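As a plain string of letters, each chain reads:
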Amino acid sequence: MHMHKFEKAWLIFGIGSLLVFLTVLGVSAFYLGNQPPSCLATIDPEKVDKTAPFNEPGLKKVEGKDWDYELVFVASAFSYSPASVEVPYGAKVKIIATTKDVVHGFEVAGSNINMMLEPGYISEHITTFDKAGEYLIVCNEYCGVGHHMMSSKIEVVK
Amino acid sequence: MFNPTANFKVDRRDGKLAMAHFYVAFTALAIGGLAGLLQTLVRSGKFELPAGIGYYQILTVHGVVLGLVLTTFFIMGFQLAATSKTSGTLTNKQRVTGWIGFWLMTAGTLLAAVMILLNEATVLYTFYAPLQAHALYYIGLTLVIVGSWVDGAAIIMKYAEWRRKNPGQPSPLLTFMSLVNTMMWIVATIGVASTVLFQLLPWSLGLVETVNIGVSRTLFWYFGHPLVYFWLLPAYMAWYVVIPKVIGGKIFSDSLARMSFILFLLFSIPVGFHHQLMEPGIDPAWKFLQVILTFLVVIPSLMTAFSLFATFESFGRAKGASGLFGWMKKLPWGDARFVVPFIGMVAFIPAGAGGIINASHQMNQVVHNTIWVTGHFHLTVATSVVLTFFGVSYWLIPHLTGRRLTKAMNKLGIIQAVIWAIGMTFMSGAMHAAGLLGAPRRSSYSEYGGAAQAAEWIPYQVAQAIGGSILFLGIILMLYIFINLAFFAPKGEQEFPVGEAAEETEKAPMVFENWKLWLGITFVLILFAYTIPFIDLIQNAPPGAKGYKLW
C-alpha cells in the first residue's frame with residue numbers, strides 16, 4: 001500500500017499535534033489534579049433527607065480540611081435546596097450534591113462548575129469563589145415538564 | 001479498478017426497496033423539521049405552543065424523528081442501493097430480508113410515534129431513566145433497531161456472496177464501506193438494545209421495581225457515540241467515492257480509504273465515557289482512557305480531509321490550473337451534486353474543532369449540557385451529514401425512479417444548500433455563543449426568576465429562532481425537490497457516480513477484508529475500555545431508582 005509523501009507529512013504533523021494535545025490534557029488531569037467531577041460515593045436515593053450531610057442543605061464552615069466550607073445541595077423535581085445561598089468572597093468550597101428523584105444537572109452559569117446528579121450517587125466539586133457577584137445555578141439535564149424552571153443562586157459577597 | 005459485478009443501473013426491484021426507505025426518511029424530515037422550528041420559536045419567548053402541546057413533547061419528536069428515523073432510514077436505503085450497484089443485484093432472499101428489515105423499522109417507528117403523540121413517552125430519544133416512558137415506546141424503538149439489523153443482514157449476505165464468487169479479490173469499495181458501517185452499527189446497538197431489553201422494558205412493565213442508572217447510562221452511551229459515526233460514515237462514502245466521479249476526477253487512494261474506514265470501526269465504539277465525563281460513579285482514569293481512544297478518530301479524519309482535497313487539487317491541476325489555489329476555480333461550482341456536499345465538508349471544519357473541545361476531559365466542564373453542544377451537532381449531523389445526504393438524493397432518487405435531475409432542480413438544490421448554510425450560521429452560531437455564557441440545552445424558554453445571566457441568553461435565542469425559520473424554508477425547498485425527483489421530474493437516465501482509484505493497478509491489500517482480525521481488535525478494545533469500570537458500576541451500585549413520570 002502506497003502513501004503519498006505529502007500525506008505522510010500531514011499525518012506525522014497531525015498525529016504529533018494530537019500527542020502534544022493529549023499530553024497537555026493528561027498532565028492537567030493527573031499532575032495538576034484537574035479531573036472532571038467523578039465522585040464514587042453512593043447513597044440511598046429514598047433516604048437522602050435523613051442522610052448526612054444532605055439532611056442539612058446549605059453552607060457550613062468546616063475545620064481541618066483542605067477547604068473552608070462545604071456547600072450541600074439537594075436536587076429534586078423541579079428545585080434545589082437551598083434556593084439561594086451566600087458564600088463569602090475568596091472562600092474555598094467543596095460543593096456536595098445529590099438528587100432525590102431523577103437525573104438532574106448542576107451548572108453554575110458562567111463558571112466551570114458543572115456536574116451530573118444521578119439518583120444513588122453523590123457528586124462533588126471543589127472550587128474557590130474569587131469573583132464577587134450573583135451566579136445562577138441551572139438544571140442542564142432534562143428532568144421533566146418543569147426542567148427550565150429549576151434553578152438556584154449563589155451570591156458571592158465581600 | 002474494473003469491477004465486472006457492478007450494475008450500470010441499480011436493479012428496479014432493489015431501487016424500490018431503497019426508495020421505500022427514502023419515503024420514510026423524508027417524511028421524518030418534514031415532521032422533525034417542523035418540531036425544530038417550533039422549538040426555536042418557543043425559545044425566543046415570543047410564541048407559545050397551542051392546544052396544550054408540551055415543549056418537551058416536540059423536543060422528543062425532533063430527536064427521535066431526525067436523530068434516529070431520518071438518519072437510519074436514509075443510511076440503510078443508501079447502503080442497500082450502493083451495495084446493489086457495486087456488487088450486483090440482490091438475490092430474492094437478500095431483497096426479502098431487506099423488506100422485512102424495512103417493515104420492522106417502520107412498524108417500530110409508528111409505535112414509538114403513537115406513544116410520543118399520546119404524551120406517554122416525553123423522555124427524549126436519550127431515555128433519561130429513571131424517567132419512565134410507556135413500555136410500547138421502548139418496544140417501538142427496539143423494533144427500529146432490530147429492523148436495522150435485518151436490513152444490515154441483507155448487505156452482509158450480499159458481501160459474503162460477492163466474496164465467495166470472487167475469491168482473492170478485494171470487494172467493491174462502496175460495498176466494503178457499507179459493510180464496515182453496518183458492522184459498526186450492529187456492534188454499537190448491542191448496548192442500547194441491552195439496556196432496553198434487560199433494564200428499561202421489564203421495569204416499565206412493572207416486572208422489576210428499580211433500575212441501575214449508572215449501568216443504563218453507560219450502555220446507552222456505549223451506543224450513543226458510535227451512533228454519530230454511523231451517521232457520518234455514509235457521508236464519507238459519498239465524499240470518498242462519489243464526489244471524485246461527480247467532478248470528473250479520481251479517488252486519491254482506494255487502499256487508504258479502506259484503511260480509514262477500518263480505523264473508524266476500531267475507534268468509534270470504546271469511547272462512550274466522553275459523554276459521561278461529568279458523571280459520578282466512574283473513575284476519572286477510565287474516563288481519560290476513553291478520551292484518548294476518542295481522539296484516535298482524529299487520524300482517519302485527517303486522512304479523509306487530505307484525500308478529499310488531494311482529489312480536488314489533482315483534478316484542478318489536470319485541467320491546467322496553476323498557482324497555490326488555482327485548482328479551486330476548476331471545480332464544478334454549478335453542480336448541486338458537488339456543491340451541496342462541499343458545503344457540508346466545509347461545515348465539518350468548525351464542527352470537528354468543536355468536537356475536540358467537547359471531548360477534552362476537563363474542558364467539557366465549560367460546555368457540558370449547555371446549548372453549545374446542540375450548536376455543535378447541528379454542524380456535524382445537521383449540516384455536514386444532512387447536506388451530503390441531500391447532495392446524494394439529487395442523483396440517487398432520480399436514478400432509482402428512472403428520472404433525471406433537471407437544470408432547474410439542480411439550481412434549486414444549490415439555493416437550498418446556501419439557505420441552509422445561512423440559517424445554520426445564525427442558529428448554530430448563536431447556540432455556540434449562548435452555550436459559552438452558560439445557557440442550558442434541552443430547555444424551554446425561561447427567564448429563571450429574572451436572573452441577569454439568563455437575560456443575556458435571550459437575544460441569542462431570538463437569533464436561533466431567526467436561523468431556525470430560515471432552515472425551515474430550506475426544509476420546505478428540500479421536500480419540494482424530493483417530491484419532484486420522486487414523482488414529477490422528466491423520465492431519463494441519471495448516473496449513479498462511482499469513482500475509480502487514481503492508481504488503477506494497485507490492488508487493495510486483502511488484509512482489509514479479514515473480519516476476524518478487525519472485529520477481534522474491535523472487541524478487544526471494547527473489553528479493554530469498558531470491563532473494569534462496568535464491573536465497578538455493578539459491584540458498587542447504589543440502591544436502584546424507581547420510575548418517575550414527571551411530564
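Read on for a plain summary of the structure.

Some words on the sheet that holds strand E7 (residues 114–117) of chain A
Two orientations exist for strands paired in a sheet by backbone hydrogen bonds: parallel and antiparallel.
Residues and elements named next belong to chain A.
Okay, so step 1: Spatially, the five strands line up as an open sheet ordered E4-E10-E9-E6-E7, and their pairing is mixed. The sheet is open, and its two edges are formed by strand E4 (84–88) and E7, each paired on a single side. Strand-to-strand twist across the sheet, computed as the mean angle between neighbouring axes with direction ignored, equals 20 degrees.
Okay, so step 2: Here strand E6 (residues 104–108) pairs with E7 via four bridges, running antiparallel. Bridge pairing links Glu 107 to Asn 114 in E7.

Topic: the pairing of strand E10 (residues 151–157) of chain A
All names here are of chain A.
Okay, so step 1: Burial along E10 is one-sided: Ser 152, Ile 154 and Val 156 are buried, while Ser 151, Lys 153, Glu 155 and Val 157, pointing the other way, are not.
Okay, so step 2: Alignment of strand E9 (residues 133–138) against E10, held across six bridges, turns out to be antiparallel. The residue of E10 that forms the bridge with Tyr 135 is Ile 154.

Digging into the layout of surface pockets
Okay, so step 1: As a volume, the second largest pocket reaches approximately 830 Å³.
Okay, so step 2: In terms of lining residues, the second largest pocket is bounded by 30 residues, among which A:Asn112, A:His125, A:Ile126, A:Thr127 and B:Gln365 are the most central.
Okay, so step 3: Of all the elements in the fold, those that place two or more residues in the lining of the second largest pocket are strand E8 (123–128) and E9 of chain A together with helix H12 (364–367) and helix H15 (452–488) of chain B.
Okay, so step 4: Counting residues per element, the lining of the second largest pocket draws most heavily on E8(A), which supplies five residues.
Okay, so step 5: Looking at the lining of the second largest pocket residue by residue, the classes come out as twelve nonpolar, 13 polar and five charged.
Okay, so step 6: Built from parts of two domains, the lining of the second largest pocket gets at least three residues from each of domain 1 (1–35) and domain 2 (41–157) of chain A.

Notes on the interface of chain B and chain A
Okay, so step 1: Across the contact, 74 residues belong to chain B and 66 residues belong to chain A.
Okay, so step 2: A buried area of about 5,700 Å², summed over both sides, lies between chain B and chain A, and 66% of it is on carbon and sulfur atoms.
Okay, so step 3: The salt bridge partner of A:Glu141 is B:Arg442, with a shortest N-O separation of 2.5 Å.
Okay, so step 4: At the boundary of chain B with chain A, the tally comes to 27 residue pairs in polar contact (both at pLDDT 80 or more).
Okay, so step 5: For the side of chain B that touches chain A, the secondary-structure elements that each account for two or more residues are helix H6 (213–247), helix H7 (254–267), helix H8 (284–296), helix H9 (298–318), H12, H15 and strand E2 (545–546) of chain B.
Okay, so step 6: When residues in the side of chain B that touches chain A are grouped by element, the largest group, seven residues, is from H8(B).
Okay, so step 7: Along the lines of polarity and charge, the residues of the side of chain B that touches chain A split into 46 nonpolar, 20 polar and eight charged.

Re empty space enclosed by the protein
Residue and element names in this part refer to chain B.
Okay, so step 1: Under the definition given, this model contains seven cavities of 30 Å³ or more.
Okay, so step 2: Within this model, the largest cavity holds a volume of roughly 110 Å³.
Okay, so step 3: What lines the largest cavity is a set of 13 residues, among which Leu 68, Leu 141, Val 144, Ile 145 and Phe 223 lie closest to the centre.
Okay, so step 4: If you list the elements that add at least two residues to the lining of the largest cavity, you get helix H2 (55–87), helix H4 (135–165), helix H5 (173–204) and H6.
Okay, so step 5: At four residues, the largest contribution of residues to the lining of the largest cavity is made by H2.
Okay, so step 6: For the lining of the largest cavity, the class distribution of residues is twelve nonpolar, one polar and no charged.
Okay, so step 7: Lining the second largest cavity, in full, are Thr 126, Phe 127, Tyr 128, Ala 129, Ser 216, Arg 217, Phe 220 and Trp 221.

Rules used throughout
- Residues numbered from 1 in each chain as written.
- Chains lettered and ligands numbered in written order.
- Predicted model: local features only at pLDDT ≥ 70, side-chain atom pairs only at ≥ 80, totals over all residues.
- Heavy atoms only, no water.
- Pairing = 2+ DSSP bridges.
- Helix = DSSP H or I, 4+ residues; strand = E, 2+ residues; numbered from the N terminus.
- Axes fitted to C-alpha atoms, helices over the stretch in contact; angles between N-to-C directions.
- Buried < 20%, exposed > 50% of the residue type's maximum accessible area, 1.4 Å probe, protein only.
- 1 Å grid on protein atoms, 1.4 Å probe; cavity = no way out; pocket = protein on both sides within 12 Å on 5 of 7 lines; lining within 4 Å.
- Points joined across faces, edges and corners; volume = space filled by probe spheres on them.
- Nonpolar A, V, L, I, M, F, W, Y, C, P; charged D, E, K, R; others polar.
- Domains from an automatic or database assignment.
- Contact = heavy atoms within 4.5 Å.
- Buried area = accessible area lost by both parts, 1.4 Å probe.
- Salt bridge = Lys/Arg side-chain N within 4 Å of Asp/Glu carboxyl O.
- Polar contact = N/O pair within 3.5 Å; in protein donor to acceptor, adjacent residues only side chain to side chain.

Honestly, it's all geometry; don't read function into it.
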